[in-house]
Amino acid sequence: MNLPKSVEMIEVCPRDGFQNVHEPITHDAKVAVIRQLAKAGFKRMEIVSFVSPKAIPQMADAREVVEDTQQALRDNGVESVALVPNQRGVETAVELGINEITYVISVSEKHNMANVRRTPAESMEQFKALIEEYGHKIRFRLALATALGCPFGEVIRTERVAEMARFGFDLGCKEVMLADTVGMANPVRVTNLMEPLIREFGADRLIMHLHDTRGLALANTLAAMQLGLYKFESAAGGLGGCPFAPGAAGNVASEDVLNMLTEMGVETGISGDELHKAVMLIKENIPAPIVSHMAHLYKQTTCA
Ligand code: COA
Ligand code: ZN
C-alpha cells in the first residue's frame, strides 16, 4: 500500500470536542484533560476557541484554560492552537501567546451564516484584514469547513474549495485545513477533492479534519493517506461536532486513528498509554459519551 512513513496527529478534543458538550464542563476537568493529552506526544493541540460566549457557552473560560495549561504544553513541546472567528479572538490569542490560529470559513454559504453570521465572502475579507494586521505576530491557518459536504444541501464544488485554499495560501498561510464538518465524505469524495488540491498545493500544506458521523472517518483517513496526505486532526474519545451544523457528530477518535496507524506500521510519535489515560479522564470527568472503538477495549484493561 502507498502509505506515509509517519503521520502528524493534531489533537482537537479540547476545542471541537468540548464545544459540543451541552452540560457545563468544569474548568478543572478541561485543564486536567489538556495536561494529560500534552503528555501523549502531540506536537500541536487545538485547546480552545476565542468566540462569543453566547455562540459557544462552553468556551467562556477559554482564557483561563489557556493560562492553566500553557506550562504543561510548553514542558511537553506542544504548540497551542486556538480557533477564532474575529479580531477580538485574534487579539486574545496574540496576548496569550498562542502559537497558531485556526480561522474557519465555510465553503457552504448557509453554514458560514449559521456559524459566524457572515457570508463566506465577508469572512474572506475579514481574514485578509486580520492577516495583514496580525500576520507578523502569530501564525494563521485557514480551515475550510464543509469542504466535503454541506449539512444544508448546498453543492460543494471542488473548484470553489481550491479557490478558497488558494486565497489562504496567497495571503501567506503555510497550511490549509479541509474539514468534513458533518461526516458526509466517503473515500471517493475524499479522492476527488484532494487529488487536485495535492497537485496544486502539495500534501505537506494540507490538513484533514474528518468527522465520523456515518462511520466512514477511518476509511476516509486511509484514502487520504494513500493520496500522500499525512496531517490529520482527531479528538480523544471521539468527541466533537459543530453546534451550528445539523446532524454533526464526533470527530474521528484519536485512539482509533492511532490504533490503525500503529497496526499498519505508520509512525506517529504518540504514546498509546498516555492517550489511554486521557480518554479515561474524559470518560470520568466530561459529561459526554465516549464513542471510540478502542475505548471499548480499554474497559477490559486497567489504566496504569
Ligand atoms: N471573544 C469573546 N467574546 C466575543 C468574541 C470573542 N472573540 N467575539 C464576540 N464576542 C462577544 C461580544 O462582545 C458580544 O458580547 P455582548 O453581547 O455581551 O456585547 C457577543 O459576543 C456578540 O458579538 P458580535 O460581535 O455582535 O458578534 P455576533 O453576535 O454577530 O456573532 C461571532 C459573530 C463570529 C462572534 C459568533 O457567531 C461566534 O463566536 N461564532 C463562533 C462559532 C463557532 O465557534 N463555531 C464552531 C467552530 S467552527
Ligand atoms: Zn470539527
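Residues numbered from 1 in each chain as written. Chains lettered and ligands numbered in written order. Predicted model: local features only at pLDDT ≥ 70, side-chain atom pairs only at ≥ 80, totals over all residues. Heavy atoms only, no water.

Caption draft 1: View of the packing of aromatic side chains. In the structure shown here, the tally under the stated rule is three aromatic pairs. A centroid spacing of 4.7 Å and a plane angle of 20° characterise the contact between Tyr 103 and Phe 127, whose relative ring orientation is stacked. In this pair, Tyr 103 sits in strand S4 (residues 100–106) while Phe 127 sits in helix H6 (residues 120–134), placing the two residues 24 residues apart along the sequence. Each member of the pair, Tyr 103 together with Phe 127, is buried. Judged by its relative accessible area of 0%, Phe 127 falls in the buried class. Chaining the aromatic ring pairs together yields one cluster made of Tyr 103, Phe 127 and Phe 140. In this arrangement the basic side chain of Arg 205 is found over the ring face of Phe 169, its NZ or CZ atom lying 4.0 Å from the centre. (Phe/Tyr/Trp six-rings, centres within 6.5 Å; stacked < 30°, edge-to-face > 60°. Helix = DSSP H or I, 4+ residues; strand = E, 2+ residues; numbered from the N terminus. Buried < 20%, exposed > 50% of the residue type's maximum accessible area, 1.4 Å probe, protein only. Lys NZ or Arg CZ within 6 Å of the ring centre and 35° of its normal.)

Caption draft 2: Highlighting the nonpolar core. Membership of the largest hydrophobic core comes to 93 residues, with the highest contact counts inside it found for Phe 50, Phe 127, Leu 144, Leu 178, Met 194 and Met 208. Once you skip the residues sitting within four places of it in the chain, Leu 144 turns out to touch Ile 105, Val 107, Val 161, Met 164, Ala 165, Val 176, Met 177, Leu 178 and Ala 179. (Core = buried A, V, L, I, M, F, W, Y, C linked by side-chain atoms within 4.5 Å. Contact = heavy atoms within 4.5 Å.)

Caption draft 3: Representation of helix H7 (residues 158–170). In this model H7 runs 18 Å from its N-terminal to its C-terminal C-alpha over 13 residues, within 8% of the 18 Å that 1.5 Å per residue would give. Among the residues of H7, Val 161, Ala 162, Met 164, Ala 165, Phe 167, Gly 168 and Phe 169 are the ones counted as buried. Close packing links the buried residues of H7 with S4, H6, strand S5 (139–145), strand S6 (176–180), helix H8 (187–201) and strand S7 (206–210). Looking at the residues trailing H7, positive phi occurs at Gly 172, about 110°. (Expected span 1.5 Å × (residues − 1).)

Caption draft 4: Quick peek at the coordination of the zinc ion (ligand 2). Binding of the zinc ion (ligand 2) to the protein goes through Asp 16 (OD), His 209 (NE2) and His 211 (NE2), at separations of 1.9 to 2.1 Å. Coordination of the zinc ion (ligand 2) draws on donor residues from a single chain, spaced D-x192-H-x1-H in sequence. With a gap of 195 residues between them, Asp 16 in helix H1 (residues 13–19) and His 211 in the loop between S7 and helix H9 (217–226) connect regions that are remote in the sequence. (Donors = N, O, S within 2.8 Å, 3.2 Å for Na, K, Ca; no water.)

Caption draft 5: Focus on the environment of Ala 82. Structurally, Ala 82 can be placed in strand S3 (residues 79–84). In the structure, Ala 82 is positioned 18 residues away from Glu 100 in sequence and 6.5 Å away in space, judged by C-alpha atoms. Not counting residues within four places of it along the chain, the set of residues in contact with Ala 82 comprises Glu 46, Val 48, Phe 50, Ile 98, Glu 100, Ile 101 and Thr 102.

Caption draft 6: Spotlight on the pattern of salt bridges. Applying the stated rule across the entire model yields 19 salt bridges. Salt-bridge contacts for Lys 30 lead to Asp 61; the nearest nitrogen and oxygen are separated by 2.6 Å. Pair noted here: Lys 30 is in helix H2 (residues 27–38) and Asp 61 is in the loop between strand S2 (44–49) and helix H3 (62–75), with a separation of 31 residues, a long-range link. Comparing Lys 30 with Asp 61, the two get one shared label, buried. Ionic pairing is found between Lys 231 and Glu 175, a salt bridge with its closest N-O pair at 2.6 Å. Here Lys 231, found in strand S8 (residues 231–234), pairs with Glu 175, found in the loop between H7 and S6; they are 56 residues apart in sequence, far enough to count as distant. The exposure classification of Lys 231 matches that of Glu 175, with both residues buried. (Salt bridge = Lys/Arg side-chain N within 4 Å of Asp/Glu carboxyl O.)

Caption draft 7: Representation of unusual backbone geometry in the model. Unlike most non-glycine residues, Arg 117 shows phi in positive territory, near 60°. Of note, Thr 146 is a non-glycine position whose phi angle comes to about 55°, a positive value. Secondary-structure assignment places Thr 146 in the loop between S5 and H7.

Caption draft 8: View of the site of ligand 1. If you check the shell around ligand 1, you find 18 residues, and the closest are Ser 52, Lys 54, Asn 86, Arg 88 and Asn 115. At 3.0 Å from a nitrogen atom of ligand 1 is found a main-chain nitrogen or oxygen belonging to Phe 50. Contact between ligand 1 and Val 51: a nitrogen atom at 3.3 Å from a main-chain N or O atom of the residue. Listing elements by their share of the shell around ligand 1, those giving two or more residues are H1, helix H4 (87–96) and helix H5 (109–116). When the residues that make up the shell around ligand 1 are grouped by side-chain class, the tally is nine nonpolar, five polar and four charged. (Near = heavy atom within 4 Å. Polar contact = N/O pair within 3.5 Å; in protein donor to acceptor, adjacent residues only side chain to side chain. Nonpolar A, V, L, I, M, F, W, Y, C, P; charged D, E, K, R; others polar.)

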